Amino acid sequence: MVSPALPADPSPAARAQKKTSGKLAWLVPAVVTGGLFPAAVLLLRAVRKDLGSNPIAEALNQLGLLALVLLVLSLAATPLKIVTGWNWPIRIRKSLGLLGFFYVCAHLLVYAVIDQALALRAIAEDVAKRPFILVGFLGFVLLVPVAATSTSSALKRMGFARWKRLHRLAYVIAILGVVHFFLRVKKDATEPMIYAAILGALFAVRIVSFWQERRKSAQ
Amino acid sequence: MTRLPKPPRASEITPEERYLRRRELIKSAALFAGTAATFGSGLVALTGGGRRASPVAAQPLPSGLVAAPPPPPPGGQALSGKNPFVTDEPRTPFEDVTTYNNFYELGLEKSDPAERASTLKPRPWTLVFEGEIKKPQRIDIDVLLKWFPVEERVYRMRCVETWSMVIPWLGFPLGKLIERLEPTSRAKYVAFSTLYDVEQLPGQLSDVLDWPYVEGLRIDEAMHPLTVLAVGLYGKSLLGQNGAPIRLVVPWKYGFKGIKSLVRIALVEKQPDATWNKAAPREYGFYANVNPKVDHPRWSQAMERRIGDVEKRPTLMFNGYADEVAHLYAGMDLRMYY
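Residues numbered from 1 in each chain as written. Chains lettered and ligands numbered in written order. Predicted model: local features only at pLDDT ≥ 70, side-chain atom pairs only at ≥ 80, totals over all residues. Heavy atoms only, no water.

Novice: Is there a simple way to think about the overall build of chain B in this case?
Specialist: Broken down by element type, chain B carries nine helices and 13 strands. Here chain B, with 338 residues, has 51% of them falling under the buried criterion. Put simply, 71% of the contacts in chain B that link residues at least 6 apart link residues at least 24 apart. When the accessible surface of chain B is summed, it comes to about 16500 Å², and 57% of that surface belongs to carbon and sulfur atoms. (Helix = DSSP H or I, 4+ residues; strand = E, 2+ residues; numbered from the N terminus. Buried < 20%, exposed > 50% of the residue type's maximum accessible area, 1.4 Å probe, protein only. Contact = heavy atoms within 4.5 Å. Areas by Shrake-Rupley, 256 points an atom, 1.4 Å probe, with all protein chains shown as cover.)

Here is the structure:
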């Protein structure tokens, strides 16, 4: 008989769970550190006047591209889990999304503060007259509530169903990002088309898995 | 008697749990560092772009060519700051002029042309003059250069992408060449073509534009004393990325009118094709005069950023050459003929 005074041995399952989370404790800090690394490189190059002949345009391009890449990566987490069964993509999904939001904000700030020198009339005119700026701005506006509700307390407050519905906006935002990029390029649309294709593939995985789930539950 | 070292304080002692996990901690630290470095540098590689082309050495102009002083400004004004042929604005550094270029025949990135210009061989080089002229001919560039004295022209250059430069060109007025070719009465326009040779201009393997690049001017625009065929800048021969060995410069028009690496000039009766105009007619007109009041569909043309500046400056009508060229467009609706 086991003495009741001894601490209960945790079940093997719980132990395994604890071990996994302990094992992956480095993952989120690593993604955040790595995700901020390009910002540091960009800042350093800007300070050293090493961004080429048109540094503002260069910074805008890099920040915009970083935002798009990170937002698309955050959307890849769930499809990756569906396809591979891995759990770790879900653990870094929020960090990737927030890093994307960070670069969207930096991109917008460089545009408004440095490129346009806070000339509000010129900015308002840009948003109203140029489809590519309007689309980008719309993406930013939609991203704000998604980023603001990324905490677990917001999830609890809103309830999972509502929270999930709001966070589906992430797909709309990524599409707006790709359209913003597509309308911006002068002639060669190869790069935006690559992002569009990746988004399409991610969509496809979700749709296929949605159908499979439905068929399963219908049976 | 030897003294034993002081026993460590209790707070310095590694907790047993941590001591037992030390291998795991080291492994985690390594995984953290490896993942952060891989992810971070991967992002930089994917989005960092914009490598700056290394500075390039330009060759002196072919021997025997001496830059003549530019002509006095029309109206006989003295050489004040108002001379349209030589602006007294600060010149854009040679390094920027030769590493920040749009020349899709040598790549789509701004830094590509400077990096890839070595494929373009500016000698030997033959030009063809044909069409509505009394003296059609093929001519070697070095013979052509003996026909006219080379002058220095310091012009503003305004790109349709809203950046601008000030460039000291070396060249001769296109009008002098056209006079010598003796146009017929049917010559109303001038058509220009860039070299079409995928060995020398490998960007022509891509179908991003229709090749060869072509451009055109109305004959009065071509005859205007501001319009030059440039063969050099900053006292040196043109580099490949700037359109070696000979290119068009029309300072009151957007930069894309300045067709590079010319091999053909034809006097024609009808308005000729222009590459960007054909590629996106709603965005790029045949005239492409710098005009702060007519916006490009995707950006305003009211302001521009001079390369090297942070603040933008207002764009001037006809790029500041309105006194010289506005009369060419009297009575034309510049919103329609953009």
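Novice: Hey, could you run me through the interface of chain B and chain A in this one?
Specialist: When the parts come together, some accessible area is lost, and that loss is often what is quoted as the size of the interface. Opposite the 41 residues of chain B that make contact, chain A presents 39 residues. Of the roughly 3300 Å² buried where chain B meets chain A, counting both sides, 61% is carbon and sulfur surface. Our count for the chain B to chain A interface comes out at four salt bridges. Between B:Asp295 and A:Lys129 there is a salt bridge, with its nearest N and O atoms 3.4 Å apart. Here chain B is connected to chain A by eight residue pairs in polar contact (both at pLDDT 80 or more). Those elements that provide at least two residues to the side of chain B that touches chain A are α2 (22-47), α3 (94-99) and α8 (275-279) of chain B. With twelve residues, α2(B) is the largest single contributor of residues to the side of chain B that touches chain A. Considered class by class, the residues forming the side of chain B that touches chain A number 21 nonpolar, 13 polar and seven charged. (Buried area = accessible area lost by both parts, 1.4 Å probe. Salt bridge = Lys/Arg side-chain N within 4 Å of Asp/Glu carboxyl O. Polar contact = N/O pair within 3.5 Å; in protein donor to acceptor, adjacent residues only side chain to side chain. Nonpolar A, V, L, I, M, F, W, Y, C, P; charged D, E, K, R; others polar.)

Novice: Can you walk me through the pairing of strand β2 (residues 126-131) of chain B in this structure?
Specialist: Each regular strand displays side chains that alternate between the two surfaces of the sheet. Residue and element names in this part refer to chain B. The sheet contact formed by β2 and strand β3 (residues 137-140) spans four bridges and is antiparallel. By the bridge assignment, Leu127 is partnered in β3 with Ile139. The turn linking β2 back onto β3 is made up of five residues. Bridge count between β2 and strand β11 (residues 262-268): four bridges; the pairing is parallel. Bridging from a neighbouring strand, Val128 pairs with Arg264 of β11. (Pairing = 2+ DSSP bridges.)

Novice: Can you help me understand the nonpolar core in this one?
Specialist: As a rule of thumb, nonpolar side chains are buried together in soluble globular proteins. With 80 residues, the main nonpolar core has B:Phe129, B:Leu144, B:Leu174, B:Leu177 and B:Ile246 as its most contacted residues. When residues of this core are assigned to their parent elements, the largest contribution, six residues, is made by strand β5 (residues 163-173) of chain B. Non-local contacts of B:Leu177, meaning those with residues more than four positions away in its chain, are made with B:Phe129, B:Leu144, B:Trp147, B:Phe148, B:Phe172, B:Leu229 and B:Ile265. A:Val110, A:Ile173, A:Phe181 and A:Leu202 belong to the second largest nonpolar core, which has 52 residues in total. (Core = buried A, V, L, I, M, F, W, Y, C linked by side-chain atoms within 4.5 Å.)

Novice: Explanation requested: the packing of aromatic side chains in the structure shown.
Specialist: Between two aromatic rings, the relevant description is the distance of the centres plus the angle of the planes. Residues and elements named next belong to chain B. One pass over the full model with this rule turns up 19 aromatic pairs over all chains. Measuring from ring centre to ring centre gives 5.0 Å for Trp276 and Tyr284, while their planes differ by 55°; the resulting arrangement is tilted. Comparing Trp276 with Tyr284 shows no difference in burial state: the two are buried. Through successive ring pairs, a cluster of aromatic residues spans Tyr189, Phe286, Tyr287, Phe318, Tyr329 and Tyr337. When the ring centre of Tyr321 is taken as reference, the NZ or CZ atom of Arg156 above it lies at 4.4 Å. The cationic tip of Arg180 hangs over the ring face of Trp147; the distance from NZ or CZ to the ring centre is 3.7 Å. (Phe/Tyr/Trp six-rings, centres within 6.5 Å; stacked < 30°, edge-to-face > 60°. Lys NZ or Arg CZ within 6 Å of the ring centre and 35° of its normal.)

Novice: Whenever I open this one, a nonpolar patch on the surface confuses me. Can you help?
Specialist: A cluster of nonpolar residues, A:Leu109, A:Val113, A:Ile114, A:Leu118, A:Leu120 and B:Val310, forms a patch on the protein surface that exposes about 570 Å² of accessible area. Counting residues per element, the nonpolar patch draws most heavily on helix α4 (residues 88-115) of chain A, at three residues. Within the element layout of this structure, A:Ile114 appears in helix α4. (Patch = residues over 30% accessible without salt bridge, like charges linked within 9 Å, V, L, I, M, F, W, Y side chains within 5 Å.)

Novice: Would you mind going over the pairing of β5(B) with me for this structure?
Specialist: Residues and elements named next belong to chain B. Burial within β5 is extensive, with eleven of its eleven residues counted as buried. Direction of pairing for strand β4 (residues 150-158) relative to β5: antiparallel, over a ladder of eight bridges. What sits directly across from Tyr155, in β5, is Ile167. If you look at the hairpin formed by β4 and β5, you'll find four residues sitting between the two strands, and Thr162 has a positive phi there, around 75°. Pairing between β5 and strand β12 (residues 303-306): two bridges, direction parallel. Directly across from Ser164, in β12, lies its bridge partner Arg306. Both β5 and strand β8 (residues 228-233) contribute to a ladder of five bridges, which runs antiparallel. Looking across to β8, one finds that Leu170 is bridged to Gly232.

By themselves these figures say nothing about function.
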